[in-house]
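Chain by chain, the residues:
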Amino acid sequence: MDVISLSSIMDAATATLQLNILFWILIGVLIGFVFGAAPGLTATTGVAIATPLTFGVGFDVSMALLLGIYSAGYFAGSIPAILINTPGAPGNAATALDGYRLARMGKADLAISLAVVASVIGGIFSIIILMLAAPVLSSFALEFTSIEYFSLGLFGLICVAAVSGGSLIKGVIGAAIGMFLGTIGIDDVGGTIRFSFDMPELQGGMPLIPTLIAFFAVAEMLLQAAAQQGPSDLPSQQIYRLLQLPGLLLKHSWLLLKSSITGTFIGILPGTGPTIASWIAYGQSGRAKAEKEGEEVAAVRGIIAAESANNAVTGGALVPLLTLGIPGDTVTAVLIGALLIQGIDPGPFFIVEHGDLFAQILIILLIASLMTLILGLGARKILPKILAIPPRILLPVIGVLCVAGGFAIHNIPFEVGIIAVLGIAGYTLARFGFPMAPIVIGLVLGPIIEVNLRNGLVSNDMDVSVFFTRPISAALLAAIVITLIWSLRRRKG
Amino acid sequence: MTFFPRVMRAIALGTCMIAGVSAQASAAGYPEKPVQIIVPFGAGDALDGTARVIADRLKSALGVPFIVKNIPGAGGGKGTAEANKASHDGYTLLMGSTGALTARPLIKDPGYKTDDFVPIAQLVEAPIGLAVAADSPYKSVKDIVEAAKKSPGSVKYATPGPGSTQHINMEIFAKDEGIKLTHIGGRGGKGAVVKAMSGEVDFVFVGASNYTSLAKAGKLRVLGVAAKDRLPFLPDVPTFKEQGYDFNVAVWFGLLTNKGAPDEVVEKLRKVVAEIANTDKTRELYKKFNLNEAFLDGPDFQKEIDANVAKHGEVLKEIGLIK
């Protein structure tokens, strides 16, 4: 089935390639950079704040601004993740692991270059999928019931446990701590309130972004402060020659494709988003095996996987939105309002009746990706200079940034308190050699696993066998077994 | 040792005096600075849409920015609790909705009580409808009731979540009809729709705006709307009443402020919001969001809130959410 004709793409390109539209895309991309990079602010917040500004303008300007924010916002969080171990948004947490490692090795330039290019390739890949196959793929979203979501959640958890370095036991304990944090608040199945310790603030659950800031940024800040490491202990930053990048990407082209596919498909699934996509892609990156070839090769694989996957979510999440009216992630949920105000009810009729507008969305996304590429590569030389700042100045600044970020989310002081408490807990755990990633992934995936396990059982009369008889679920469970065996064998070897 | 408490007391006294002065000053010339509207659900939600429509119109009418702030979580409880903590001067408004205001506080203390807010006006209702997947064997509400009678608990349905207005009311319906249904939360309205389309549940009971375009495309079949009249955007769908069931569910959205806000401020807001709500411009914006205009002034809105609290208390006990 022909989704969209070449002539309508050409028409849309002419309509979009106008100075004022390009201007608004650029503004959107710039806002996306700020909202993506600032901890506590996300692409979702950026799009939500910008939406009322679009009430009085036409479809093209509205989409130029909002999709610009969307496209750049999912990438920009990788910059602070790489430089100061503070993911700007939850979707960039996986990037922090290897990006920050490279930055400490004096290769922040390489890390940022990789993140930019992998993001843009992932994003463009997902736009192409959206263009070619949106109606076909929307039925994929409807194949996923609680059973499949449970198996997918478990698969994600096992993937991360398998790649997180160090002791397997400590990784598992970390994941358990994260899953416990995920049980706090209103239970999505029974409606009862758990572990809120009579603090009303906790009834909404453990907020993800403050937790992320605590376990990544604050814990690392305290570790460094305790180590009293001077700037001379860090190797000086090397300039990465961009001409080498195509060769490097070509070497990992299969990984790039695999992670982009993963990101796009996770994006299509409602209720997921860049965080889950990047962790699963990271888990499947084969970086553990690549450790043999050196730390740098492994880190390169980790960054490529995480960043191409999280930006591939953009095109993927638009698939159910534009074909069913059901958002694939949180940003597309906000976009519904922006489309309604334009008089467009996104749903099964959208592509059929508004093929021209659909084509325009594709072109805007493409231009936004290219702008992200240029701006991102432009910034890569300046930003690593941050690392030359002595820790006695840089660390307090990061501390202020963490508090400001924690407060910026909802202006709730309690959430800043959470950062302090969990930050100290994270530091203590890190001192005992616990990896931070499994804790965060436990918090993200724990509720998905629990709620869907219970819902899946309730809707199938408590019959456990459905998890093995439904094909997608069975395939995911088989993948879990293979990953576990492979991981245990590698650890023995 | 006595120094510290004394300083604290002085600071506290000073703060109170400044606050008192500013509260007096603000009552006369309200609003003198930006006003925040707290929406206890995420951006993009129908409640959020209503707030943004009203914020846009209030800004034009009163000349200061009305800033919408989304604080989602705990079924609306988290944002409502934050609104309750704000200073009681009329510079914080709450976009209240049925569940967060009249059900959550009955289940467990969420940081506010049902009577912590003064109503300014009820604005709209989001009509709720019952829909099934296109290939479902059920053709009417009666089919579902009979299937549930034949085999209690075998018919499953989805709502945005446990304890939501949709969930509570469907349980009221089940009780009235003497049937037993199995509930599954969809983690949001759209999530509940997906559960019906993927075949995980037999029907979905959420705001009709969640699936209007799906229904028009024939991907979902709406069997009944729980409203007094048929909906303008789903004119072929009969009401529950037409099918012999006296069942009306309204999820209402309205504007409130903290109890203790100066009377003049409350009166001024009531007057301005009533004027705004009664314009074509506002109606046009509501229509775009598939919202039903349902204006009630402050005192009538209070009666509606009280009636909901009484009704929800009974049902929540029966379905085990109040012990």
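Given the structure is predicted, the values throughout are model-derived calculations rather than measurements.

Draft legend 1. Main features of empty space enclosed by the protein. Counted according to the given criterion, the structure contains five cavities of 30 Å³ or more. One number sums up the size of the second largest cavity: a volume of about 80 Å³. Lining the second largest cavity, in full, are A:Ala48, A:Thr51, A:Phe55, A:Val334, A:Gly337, B:Ala43, B:Gly44, B:Asp45, B:Asp48, B:Gly49, B:Arg52 and B:Phe289. Those elements that provide at least two residues to the lining of the second largest cavity are α16 (330–341) of chain A together with α2 (46–62) of chain B. Taken together, the residues of the lining of the second largest cavity break down into five nonpolar, four polar and three charged.

Draft legend 2. Here's a closer look at the pattern of salt bridges. Residue and element names in this part refer to chain B. By the definition in use, this model includes 27 salt bridges over all chains. For Glu 318, the salt bridge identified is with Lys 175, shortest N-O distance 3.5 Å. One end of the pair, Glu 318, is in helix α12 (residues 298–318); the other, Lys 175, is in helix α7 (residues 165–177), and 143 residues separate them in sequence. Among the ionic pairs, Lys 303 bridges to Asp 300, the shortest N-O distance being 3.4 Å. Of this pair, Lys 303 and Asp 300 both sit in helix α12, separated by three residues, roughly a single helical turn. Accessibility expressed as a relative area gives 56% for Lys 303, which makes it exposed.

Draft legend 3. The arrangement of the domain arrangement of chain B in detail. All names here are of chain B. Segmentation of chain B into domains returns domain 1 (33–126 + 250–318) and domain 2 (127–243). Here domain 1 and domain 2 have C-alpha centroids that lie 26 Å from each other. Counting from both sides, the interface comprises 15 residues of domain 1 and, opposite them, 16 residues of domain 2. The contact between domain 1 and domain 2 buries some 1,300 Å² in all, and 60% of this surface belongs to carbon and sulfur atoms. Sorting the residues of domain 1 by area buried against domain 2 places Ala 126, Asn 290 and Val 315 first, and these three jointly supply 36% of that buried surface. Viewed at the interface, domain 2 and domain 1 are joined by one salt bridge. The interface formed by domain 1 and domain 2 contains five residue pairs in polar contact (both at pLDDT 80 or more). At five residues, α12 tops the list of elements feeding residues into the side of domain 1 that touches domain 2. For the side of domain 1 that touches domain 2, the class distribution of residues is six nonpolar, five polar and four charged.

Draft legend 4. Molecular detail of helix α3 (residues 43–50) of chain A. With respect to burial, α3(A) is a largely interior element, six of its eight residues being buried. Looking at α3(A), one finds that the buried residues are A:Ala43, A:Thr44, A:Gly46, A:Val47, A:Ala48 and A:Ala50. Of the surrounding secondary structure, the elements contacted by the buried residues of α3(A) are α2 (19–37), α4 (59–76) and α16 of chain A together with α2 of chain B.

Draft legend 5. Expanded view of helix α13 (residues 274–283) of chain A. The buried fraction of α13(A) amounts to ten of the ten residues, a majority that puts the element mostly inside the structure. Every buried residue belonging to α13(A) is among A:Pro274, A:Thr275, A:Ile276, A:Ala277, A:Ser278, A:Trp279, A:Ile280, A:Ala281, A:Tyr282 and A:Gly283, and all of these are buried.

Draft legend 6. Main features of the side chain of B:Thr239. Residue and element names in this part refer to chain B. Inspection of the secondary structure puts Thr 239 in the loop between β8 (220–225) and β9 (250–258). Residue Thr 239 is classed as buried on the basis of its relative accessible area, which comes to 2%. In this structure, Thr 239 is in contact with Val 225, Ala 227, Lys 228, Asp 229 and Arg 230, ignoring residues within four places of it in sequence.

Draft legend 7. Structural detail: a nonpolar patch on the surface. Residues A:Phe180, A:Phe195, A:Phe197 and A:Met199 make up a contiguous nonpolar surface patch of about 400 Å² in total accessible area. Accessibility expressed as a relative area gives 59% for A:Phe197, which makes it exposed.

Draft legend 8. View of the interface of chain B and chain A. Of the residues lining the interface, 44 residues belong to chain B; the matching set on chain A comes to 50 residues. Considering only the surface of chain B that becomes buried against chain A, B:Lys78, B:Lys108 and B:Arg187 emerge as the three largest contributors, covering 15% of it. Here chain B is connected to chain A by four salt bridges. Where A:Asp188 meets B:Arg187, a salt bridge forms, and the shortest distance between an N and an O atom there is 2.8 Å. On inspection of chain B and its partner chain A, the count reaches ten residue pairs in polar contact (both at pLDDT 80 or more). Among the secondary structure elements, those contributing two or more residues to the side of chain B that touches chain A are α2, β2 (66–70), α3 (77–85), β6 (182–185), α8 (189–197), α9 (212–216) and α11 (280–288) of chain B. The dominant element in the side of chain B that touches chain A, judged by the number of residues it contributes, is α8(B), at five residues.

Draft legend 9. Expanded view of the nonpolar core. Counting residues in each nonpolar core, the largest one holds 215 residues, and the members touching the most others are B:Leu58, B:Phe203 and B:Phe205. Examining the composition of this core, we find that 16 residues originate from one element, helix α7 (residues 108–141) of chain A, more than from any other. Built from parts of two domains, this core gets at least three residues from each of domain 1 (33–126 + 250–318) and domain 2 (127–243) of chain B. In contact with B:Phe203, not counting residues within four places along its chain, are B:Leu130, B:Ala131, B:Val132, B:Ile144, B:Val155, B:Lys156, B:Tyr157, B:Ala158, B:Met170, B:Leu181 and B:Ala196. With 26 residues, the next largest nonpolar core counts A:Leu324, B:Ala158, B:Val193 and B:Leu234 among its residues.

Draft legend 10. View of the packing of α7(A) against helix α15 (residues 295–324) of chain A. All names here are of chain A. At a minimum axis separation of 6 Å, α7 and α15 run at an interaxial angle of 30°. One finds that α7 runs roughly parallel with respect to α15. Taken as a pair, α7 and α15 cross one another with a handedness that is right-handed. Along the lines of polarity and charge, the residues of the contact of α7 with α15 split into 17 nonpolar, eleven polar and two charged.

Parameters at a glance
In this convention, every chain numbers its residues from 1, walking through the sequence in written order. As they are written, the chains are lettered A onward and the ligands numbered 1 onward, keeping that order. Only residues with pLDDT of 70 or above have their local features reported here, since the model is predicted, and side-chain atom pairs are shown and tallied only from 80 upward, although totals for entire chains, interfaces and linings are computed over all residues. Hydrogens and water molecules were not included; the side-chain quantities draw on all heavy atoms of the structure. Here a cavity means grid points, on a 1 Å grid over the protein atoms only, where a 1.4 Å probe fits yet cannot get out; a pocket means an open set of points with protein on both sides within 12 Å along at least five of seven lines; lining residues are those with an atom within 4 Å of a point. Grid points are joined across faces, edges and corners, and a volume is the space filled by probe spheres set on the points. Comment: elements are numbered from the N terminus, with helices defined as DSSP H or I runs of at least four residues and strands as E runs of at least two. We call Asp, Glu, Lys and Arg charged. Ala, Val, Leu, Ile, Met, Phe, Trp, Tyr, Cys and Pro are nonpolar, and the rest, Gly among them, are polar. Within this document, salt bridges are pairs made up of a side-chain nitrogen of Lys or Arg and a carboxyl oxygen of Asp or Glu, the two lying within 4 Å of each other. Accessible area is worked out with a 1.4 Å probe on protein chains only. A residue is then buried under 20% of its type maximum, exposed over 50%, and partly exposed in between. Domain start and stop positions are those given by an automatic or database domain assignment. We call two residues in contact whenever any of their non-hydrogen atoms come within 4.5 Å of each other. What counts as buried area is the accessible surface, traced by a 1.4 Å probe, that two parts surrender upon association, with contributions from both included. Here a polar contact is recorded for every N or O atom pair within 3.5 Å, except that within protein the pair must consist of a potential hydrogen donor and a potential acceptor, and residues adjacent in sequence are included only if both atoms are side-chain atoms. Like-charged residues within 9 Å of one another, or nonpolar side chains (Val, Leu, Ile, Met, Phe, Trp, Tyr) within 5 Å, are grouped into patches, provided each residue has over 30% relative accessible area and no salt bridge. Accessibility throughout is a Shrake-Rupley quantity obtained with a 1.4 Å probe, and a residue counts as covered only by protein chains that appear here. By convention a nonpolar core is built from buried Ala, Val, Leu, Ile, Met, Phe, Trp, Tyr and Cys residues, the set being connected through side-chain atoms within 4.5 Å. Every axis in this analysis is a line fitted to C-alpha atoms, fitted for helices over the stretch in contact. Angles between the N-to-C directions lie between 0 and 180 degrees. Should an angle fall under 35 degrees it is called roughly parallel, over 145 degrees roughly antiparallel, and 65 to 115 degrees roughly perpendicular, with every other angle called oblique. Crossings are classed by handedness, with left-handed meaning an anticlockwise turn of the near helix from the far one by less than a right angle and right-handed meaning a clockwise turn.

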